[in-house]
Amino acid sequence: MNFKWYIVHTYSGFEEKVKSLLEQRIKSADGMEQYFKEILIPTEKVLELIKGERVTSSRKFYPGYILIHCLELHIDEEKDDEETKRLKKAIWHLVRRTPKVTGFVGGQDPLPIPQEEVEKIKERMEEGEKRPKPKFIFRKGDHIKIVDGPFTNFTGRIDEIFPERGKVRVLISIFGRETPVELDAIQLSKI
C-alpha cells in the first residue's frame, strides 16, 4: 500500500476536536484503521510571561489545518481496480464528512505533500519541544511594549535581535534620550 500525507482544512480552533473525531470515526468504520497511519497537528512550544511567570504553551503554526497520513487518494483510472477506487473514495468521504472539516487542500483530488515537507514540520515541532520560542516574533524596527522587569510599561523600538540567546536590544526613551536596553524576548509584546 502506498501512503501519502495530505493537508486537511478545518475550522480554525477546532484542530484538536477534528483529530479526536476523525480518530473515533476511523476506529468505528469497519477495517479502516489499516488505511490511516497518523494525524498530525503542527504545533510548537512557545514561552510567554503571564503575571510575571514564565509559562510554556502550544501554538499552531498552521492554524486551521491538520496533516493526515493515509492511503494514497489519487484514483488512477488505468491501474486501480473498482475495489481500490471504492476504498479511496470511502477514505476521502470519511475524512471530508467529519464535523468541522471543510475539505482537503486540493478539493476532490487532493495532492499529497512531499515527505521532505512533513519531515521539516516534524523537526520544527521537535525543536520547539527542546527549546521553546518566544510567543512573539520580532523584527528590527518593530514598536514594542515592555511587559516585565524594571522597565514595565515603557514603549520602544527594536534595535537588534540576538536569536541564539533569546535576547533583544530595545531603544527606549529615558529622560528624553533613546537608551539601549537588552531584554529577554518574552519580556516584550508588540504594539
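Residues numbered from 1 in each chain as written. Predicted model: local features only at pLDDT ≥ 70, side-chain atom pairs only at ≥ 80, totals over all residues. Heavy atoms only, no water.

A. Focus on the pattern of salt bridges. Inspection of every chain in the model, using the stated rule, returns 15 salt bridges. Among the salt bridges present, the one from Lys45 reaches Glu129, with a minimum N-O distance of 4.0 Å. Of this pair, Lys45 sits in strand 3 (residues 43-50) while Glu129 sits in helix 3 (residues 115-130), and the two are 84 residues apart along the sequence. Residue class for Lys45 comes out partly exposed when judged on its relative accessible area of 24%. According to the relative accessible area criterion, Glu129 is exposed, its value standing at 54%. Here Glu77 and Lys85 are joined by a salt bridge, their closest N and O atoms 2.8 Å apart. Judged by relative accessible area, Lys85 falls into the buried class, the value being 11%. Several salt bridges converge on common partners, so that one network encompasses Glu44, Arg59 and Arg124. (Salt bridge = Lys/Arg side-chain N within 4 Å of Asp/Glu carboxyl O. Helix = DSSP H or I, 4+ residues; strand = E, 2+ residues; numbered from the N terminus. Buried < 20%, exposed > 50% of the residue type's maximum accessible area, 1.4 Å probe, protein only.)

B. Quick peek at the packing of aromatic side chains. For the structure shown, the criterion picks out five aromatic pairs. Taking 6.1 Å as the distance between ring centres and 85° as the angle between the ring planes, the aromatic pair formed by Tyr6 and Phe104 counts as edge-to-face. Of the two residues, Tyr6 is situated in strand 1 (residues 3-10) and Phe104 in strand 6 (residues 101-104); the sequence distance between them amounts to 98 residues. On the basis of relative accessibility, which here comes to 1%, the residue Tyr6 falls in the buried class. Here the aromatic cluster, defined as three or more aromatic residues joined through ring pairs, consists of Tyr6, Trp92 and Phe104. Of note, Lys37 hangs over the ring of Phe3, and the distance from its end group to the ring centre comes to 4.6 Å. Geometry around Phe14 places Lys100 over its ring, the cationic atom sitting 4.9 Å from the centre. (Phe/Tyr/Trp six-rings, centres within 6.5 Å; stacked < 30°, edge-to-face > 60°. Lys NZ or Arg CZ within 6 Å of the ring centre and 35° of its normal.)

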